[in-house]
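# Coordinate analysis (summary)
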Amino acid sequence: MLKTFYKSTLIAAVVMVTSANAFAADKVYRLKLAESWGPNFPVFGDSVKNMVKMAEEMSNGRLKIRVDSANKHKSAFGVFDMVKSGQYDMGHSASYYYKGKVPNTLYFTTMPFGMTAMEQHAWFQYGGGQELMDQVYGDHNLMAFPGGNTGVQMGGWFRKEINSLDDLQNLKMRIPGFAGEVLAKLGATPVNIPPGELYTSLERNTIDALEWVGPSLDLRMGFHKIAPFYYMGWHEPATELMFIINKKKMASLPADLQAILEVAMRKAAYDMYVQSYALSAENWEKMTSEFPNIQVKTFPPAVLSAIKNANDEILAEKASGDEMAAKIIKSQQDYLKLVRVWTDISEYGYIKSTKE
């Protein structure tokens, strides 16, 4: 009798556990994501759509993510705060948009004269970059993951040619991040403007110049209709966008969904870099063949030298006044010194030695 009771009790417990597991497996987890871009924004927005689609498919429908674009939440540069507060569970933005609030976030987007996309990804995954980003974002109840790279960005669209440092004096230019501080040191006036307002700001003379991305996105924006001088880049050699997640919300997900979400973000980030590269190649060909009035320029050596010196001085200032900044800067510089030797031998060496 007692044996029968224990047996029936055990069977009931197994059934209950099995039912609970089945219920948990079928439970749908719904997240809200705020992006800094407008609806259907190319490349950047595609990265978000790809991630959302993959997460839902890999989870067999158990993970669903609603995306609110900037036109809905009305705060293109407020994604950090909205995810931190729990208003949104996730976000897709650029770290350097938040340098005024959390200065050490800016280093995780890109740095002037810094690493290329592949070098930077290697730093994130194998050089300690992700761990440093975990520390900076972790202090704000956030997690951050690479969210897609544009590759080398162009130096910007200018109404007038830049021939000397004098031409930078009082130049009002849309340029965010560390590069904006560099140009400010040389007499320019940097401003940050949401993507949806860039063309009108240039058209109405609110700004004299702007940098956006590169051929992948610039051509469709029409900047060449207003500013014909298109300069080669120095300021953003590997612009990495970020997926950010509320730390408590991430912890509330089952372990398998956390893993699925991380895989979906990494795959979407990779896809964005490939898409950006492909579109830049296609649009560069269109620019040169269909819009001959675009004048591609490089900054004069004296100007670039002054920019580099200003960059080094500001880096030294940042490192001297902030222990975490010093740690990040040293990590990036040490890794660049290590990895660039191989980049020179492999990528650059291959192109140079096989070029006809």
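One structure accompanies this document, and this report is about it. Sequence order as written defines residue numbering, which begins from 1 separately in each chain. The model is predicted, so local features are restricted to residues of pLDDT at least 70 and side-chain atom pairs to those at 80 or more, both for listing and for counting; the totals for chains, interfaces and linings are taken over all residues. Working from all heavy atoms in the structure, the side-chain values ignore hydrogens and water.

## What about the overall build of the protein chain?
The condition is simple: The helix and strand labels rest on DSSP assignments: H or I over at least four residues marks a helix, E over at least two residues marks a strand, and numbering proceeds from the N terminus. Using a 1.4 Å probe on the protein chains alone, a residue whose accessible area is under 20% of its type maximum counts as buried, one over 50% counts as exposed, and one in between counts as partly exposed. Should any heavy atoms of two residues lie within 4.5 Å, those residues are counted as being in contact.
Counting its regular elements, the protein chain contains 13 helices and eleven strands. Once the C-alpha set of the protein chain is aligned to its principal axes, its extents read approximately 100 × 45 × 40 Å. Classification of the 356 residues of the protein chain by burial places 50% in the buried group. Counted over contacts in the protein chain with a minimum sequence separation of 6, partners at least 24 positions apart contribute 77%.

## Things to note about the sheet that holds strand β6 (residues 172-174)
Quick reminder of the rule: Strands pair, by our definition, only if DSSP identifies at least two bridges between them.
Strand order in the open sheet made by the six strands is β7-β6-β8-β5-β9-β11, with mixed pairing throughout. A strand with exactly one partner marks an edge of an open sheet, and here the two such strands are β7 (189-191) and β11 (295-297). Two elements, β6 and β7, share three bridges in a ladder whose sense is parallel. Paired with Met-173 across the two strands is Pro-190, which belongs to β7.

## Looking at the pattern of salt bridges
Cut-off, in case you're wondering: Every case where a carboxyl oxygen of Asp or Glu lies within 4 Å of a side-chain nitrogen of Lys or Arg is listed as a salt bridge.
The tally for this structure, following the rule as stated, stands at 17 salt bridges. In this structure, the salt-bridge partner of Lys-53 is Glu-57, at a minimum N-O distance of 2.7 Å. Placement of both Lys-53 and Glu-57 in helix α2 (residues 44-58) is noted, with a separation of four residues, approximately one turn of the helix. Between Asp-312 and Lys-308 there is a salt bridge whose closest N-O contact spans 3.1 Å. Of this pair, Asp-312 and Lys-308 both sit in helix α12 (residues 301-321), separated by four residues, roughly a single helical turn. The network of salt bridges with common partners includes Arg-66, Asp-68 and Lys-72.

## Topic: the environment of Ser-201
The condition that has to hold: In the analysis that follows, any N or O atom pair within 3.5 Å is treated as a polar contact, provided that within protein one partner can donate a hydrogen and the other can accept it, and provided that, for residues neighboring in sequence, both atoms belong to side chains.
The topology assignment puts Ser-201 in helix α8 (residues 198-203). Spatially, the C-alpha atoms of Ser-201 and Ala-326 are 36 Å apart, while their sequence positions differ by 125 residues. When near neighbours in sequence (up to four residues on either side) are disregarded, Ser-201 contacts Ile-193, Thr-206 and Ile-207. There is a polar contact of 2.7 Å between the side chain of Ser-201 and the backbone oxygen of Glu-197.

## Notes on the packing of α2 against helix α11 (residues 255-290)
Which entries qualify depends on this criterion: All axes here are fitted lines through C-alpha atoms, helices being fitted over the stretch that makes contact, and every angle between N-to-C directions spans 0 to 180 degrees. Handedness of each helix crossing follows the sense of rotation of the near helix against the far helix: counterclockwise by less than a right angle gives left-handed, clockwise gives right-handed. In the scheme used here, Gly and all other residues not listed as nonpolar or charged are polar, with Ala, Val, Leu, Ile, Met, Phe, Trp, Tyr, Cys and Pro taken as nonpolar and Asp, Glu, Lys and Arg as charged.
Axis separation between α2 and α11 bottoms out at 8 Å; the angle between their running directions is 145°. At the point where α2 passes α11, the crossing takes the right-handed sense. Across the interface between the two elements, Phe-44, Asp-46, Ser-47, Asn-50, Met-51, Met-54, Ala-55 and Met-58 of α2 pack against Ile-260, Leu-261, Val-263, Ala-264, Met-265, Lys-267, Ala-268, Ala-269, Asp-271, Met-272 and Gln-275 of α11. The class makeup of the residues in the contact of α2 with α11 is 13 nonpolar, three polar and three charged.

## Regarding the pairing of strand β3 (residues 90-93)
Of the two faces of β3, both are covered, the one formed by Met-90 and His-92 as well as the one formed by Gly-91 and Ser-93. Relative to β3, strand β1 (residues 29-35) is paired through three bridges, and the arrangement is parallel. Across the sheet, Glu-35 pairs through a bridge with His-92, a residue of β3. Note: β3 against strand β10 (residues 240-246), four bridges, orientation antiparallel.

## Concerning the packing of aromatic side chains
Quick note on the threshold: Each aromatic pair joins two rings of Phe, Tyr and Trp (for Trp, the six-membered one) with centres within 6.5 Å, and gets the label stacked for planes under 30 degrees apart, edge-to-face for over 60, and tilted for any other angle. Both a distance and an angle decide whether a charge sits over a ring: NZ of Lys or CZ of Arg must be within 6 Å of the ring centre and within 35 degrees of the ring normal.
Within this structure, the stated rule accounts for 20 aromatic pairs. Taking the centre distance of 5.5 Å and the plane angle of 35° together, the rings of Tyr-96 and Tyr-97 count as tilted. Side by side, Tyr-96 and Tyr-97 carry an identical accessibility label, which is buried. Its end group placed over the ring of Tyr-88, Lys-32 keeps NZ or CZ at 5.4 Å from the ring centre. In this arrangement the basic side chain of Lys-308 is found over the ring face of Phe-113, its NZ or CZ atom lying 5.8 Å from the centre.

## A word on the side chain of Asn-149
With respect to the element layout, Asn-149 can be found in strand β4 (residues 142-149). Reaching out from Asn-149, the side chain makes a polar contact with the side chain of Glu-240 at a distance of 2.7 Å.

## Quick look at α2
Definition in use: Under the convention used throughout, the expected extent of a helix is 1.5 Å for every residue step, that is, one less than its residue count.
The terminal C-alpha atoms of α2 lie 22 Å apart, and with 15 residues this matches the ideal 21 Å at 1.5 Å per residue to within 8%. Taken together, the buried positions of α2 are occupied by Phe-44, Gly-45, Ser-47, Val-48, Met-51, Val-52, Met-54 and Ala-55. Asn-60 sits one or two positions beyond α2 and adopts a positive phi of about 55°.

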